[in-house]
Amino acid sequence: MTVIPPRQETSSDFLPSGWDTQGSRGIALVVAGPSGAGKSSVIDKVLESDCSLAFSVSATTRTRRPDEVHGRDYYFVSAEEFRRMAGAGELLEWTVYHGRSYGTLRSEIEERLAGGQDVLLNVEVEGALAIQKANLSYPVVLVFLVPPSRAELVRRLQRRGTETEEALEQRMAIAEREIAHISDFDYLIVNDRLELAAQRIHSLLTAERCRLVRCSD
Ligand code: ADP
Ligand code: 5GP
């Protein structure tokens, strides 16, 4: 059974002025890592066990998979609509991955973070780094999720059954390039068992909420 520590009182009057915990603000927890590592599965597990968290639903021009739902997994939009969103400044960051566009909607995160809610994001590595550099006025935590081995990554992609052999090889090649950016990340989680990986995400969220920060008086 997963035991989730309740969110602590954000502050205490015992603290000298100008100090607070990071948990008094919403935290953007960005999960990146190779396609097939289990980002969606782990995030779903974390969301299932903690309804105080929100998920940032991205926009994409890729085709919907049979088990995916518009508005839950992604906003599936046309290339034209995606260009409009980017042009109108609605996207915090966006990228082209394997020939399709993917982008984070400001409307999915900014208001929630301002309201003190933590938001989980599932993006590829460039997107994670762009969010880190976007100078959001909220804490951004970058988590890299890896499978226990390369062979297991291939098995997971094959078992998911969503990629052709060629697309699978291209996703593996992207994964090899992505891992080179590991030093820019704050945490590494090995997704050996789903339940354990989800617990690790909870643990690091708890730790980040307790992080001491200087704030303006
Ligand atoms: P990603 O979002 O990183 O592309 P998915 O969440 O779609 O990855 O997972 C890829 C495949 O691996 C799915 O079929 C999923 O059920 C499976 N999977 C995810 N995590 C685990 C795990 N810990 N053990 C075994 N299979 C897993
Ligand atoms: P998939 O097609 O497997 O759902 O996603 C392909 C890749 O796009 C994954 O690495 C996923 O994390 C990433 N991705 C999904 N949404 C976004 C987004 O909004 N921005 C960026 N930069 N990447 C995203």
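Structural data are supplied above this passage.
Since we're looking at a predicted model, the values are computed, not measured. Numbers given for residues are sequential positions, taken from 1 along each chain in its written order. All chains are assigned letters beginning with A, and all ligands numbers beginning with 1, in the order in which they are written. The predicted origin of the model limits local features to residues at a pLDDT of at least 70 and limits the giving and counting of side-chain atom pairs to 80 or more, whereas totals for whole chains, interfaces and linings rest on all residues.

A.B. asks: Explain the overall build of the protein to me, please; I cannot follow it from the model alone.
C.D. replies: Across its full length, the protein carries seven helices and eleven strands. Its C-alpha atoms give the protein a radius of gyration of 18 Å, within 12% of the compact-globule value 17 Å for 217 residues. In this scheme every C-beta is placed from the backbone, and a residue whose C-beta has 20 or more other C-beta atoms within 10 Å is buried, one with 12 or fewer is exposed, and one in between is partly exposed. Taken across its 217 residues, the protein has 29% of its residues classed as buried. Counting contacts in the protein only where the partners sit at least 6 residues apart, residues at least 24 apart contribute 71% of the total. By the criteria applied, helices consist of DSSP H or I runs no shorter than four residues and strands consist of E runs no shorter than two, each listed in order from the N terminus. The size measure is the radius of gyration over C-alpha atoms, and the globule rule it meets is 2.2 Å times the number of residues to the 0.38 power. Residues are defined as contacting one another if the C-beta atoms placed from their backbone atoms lie within 7 Å.

A.B. asks: Hey, could you run me through the site of ligand 1 in this one?
C.D. replies: Being near a molecule or strand means, for a residue, that its C-beta atom, positioned from the backbone, comes within 6 Å of it. In the vicinity of ligand 1, 13 residues are found, and the nearest of them are Gly 38, Lys 39, Ser 40, Ser 41 and Arg 156. Listed by contribution, the elements that provide at least two residues to the shell around ligand 1 are helix H1 (39–49) and helix H5 (150–160). Its residues assigned to classes, the shell around ligand 1 shows two nonpolar, six polar and five charged. Under the scheme applied here, ten amino acids are nonpolar (Ala, Val, Leu, Ile, Met, Phe, Trp, Tyr, Cys and Pro), four are charged (Asp, Glu, Lys and Arg), and all others, including Gly, are polar.

A.B. asks: Would you explain unusual backbone geometry in this entry?
C.D. replies: Negative phi characterises most residues that are not glycine, and trans characterises most peptide bonds. If you check the backbone angles, His 98 has positive phi at about 50° while not being a glycine. His 98 sits in the partly exposed class, given 14 other C-beta atoms within 10 Å. We note that Asn 135 has phi near 55°; this positive angle belongs to a residue other than glycine. Counting through the fold element by element, Asn 135 comes out in the loop between helix H4 (125–133) and strand E9 (140–146).

A.B. asks: Would you take a moment to explain the sheet that holds strand E8 (residues 119–122) for this structure?
C.D. replies: In sheet architecture, strand pairing relies on hydrogen bonds along the backbone and comes in two forms, parallel and antiparallel. Pairing is parallel in the open sheet, where five strands are placed in the order E3-E8-E2-E9-E10. Looking along the sheet, the strands with just one partner apiece sit at the ends: strand E3 (54–55) and strand E10 (187–190). Two strands form a pair only when DSSP identifies at least two bridges running between them. Relative to E10, E9 runs parallel, the two sharing four bridges. In the strand pairing of E10, Phe 144 is matched with Leu 188. Note on definitions: angles span 0 to 180 degrees between N-to-C directions of axes, and those axes are lines fitted to C-alpha atoms, for helices only across the stretch in contact. Against the sheet, helix H3 (residues 106–114) touches strand E2 (28–32), E3 and E8, its axis set at about 155° to E8. Helix-sheet contacts for helix H7 (residues 194–209) involve E2, E9 and E10, and the interaxial angle to E10 is about 160°.

A.B. asks: What am I meant to see in the nonpolar core here?
C.D. replies: Soluble globular proteins tend to pack their nonpolar side chains together in the buried interior. The biggest cluster of nonpolar side chains holds 38 residues, and the ones touching the most others in it are Ala 28, Leu 29, Val 30, Val 31 and Val 143. Here this core gets six residues from one element, more than from any other, and that element is E9. Each nonpolar core consists of buried Ala, Val, Leu, Ile, Met, Phe, Trp, Tyr and Cys residues. Their C-beta atoms, within 7 Å, join them into a set.

A.B. asks: Is there a simple way to explain the site of ligand 2 in this structure?
C.D. replies: Of all residues adjacent to ligand 2, which total 15 residues, the nearest are Ser 58, Tyr 102, Val 123, Glu 124 and Gly 127. Listed by contribution, the elements that provide at least two residues to the shell around ligand 2 are strand E6 (91–97), strand E7 (100–105) and H4. Grouping the amino acids of the shell around ligand 2 by side-chain chemistry returns three nonpolar, seven polar and five charged.

A.B. asks: Looking at this structure, I do not really get the packing of H1 against H7. What am I missing?
C.D. replies: The description of two packed helices rests on the angle between their axes and on the distance between the axes. At their nearest, the axes of H1 and H7 sit 9 Å apart, and the two run at 65° to each other. Taken as a pair, H1 and H7 cross one another with a handedness that is right-handed. Packed against H1, whose contacting residues are Ser 41, Val 42, Lys 45, Val 46 and Ser 49, the element H7 presents Leu 194, Glu 195, Ala 197, Ala 198, Ile 201 and His 202 at the interface. Looking at the contact of H1 with H7, its residues break down into six nonpolar, three polar and two charged. Crossings are sorted by hand: turned counterclockwise from the far helix by less than a right angle, the near helix makes the crossing left-handed, and turned clockwise it makes it right-handed.

A.B. asks: Which parts of the structure should I look at to understand the pairing of E8?
C.D. replies: Successive residues of a regular strand alternate their side chains across the two faces of the sheet. Side chains Val 119 and Leu 121 project from E8 onto one buried face, and the interleaved Leu 120 and Asn 122 project onto a second face that is buried too. Here E2 pairs with E8 via four bridges, running parallel. Bridge pairing in E8 places Val 31 opposite Asn 122. Here E3 runs beside E8; their pairing, made up of two bridges, is parallel. Considered in E8, the bridge of Ala 54 is made with Val 119.

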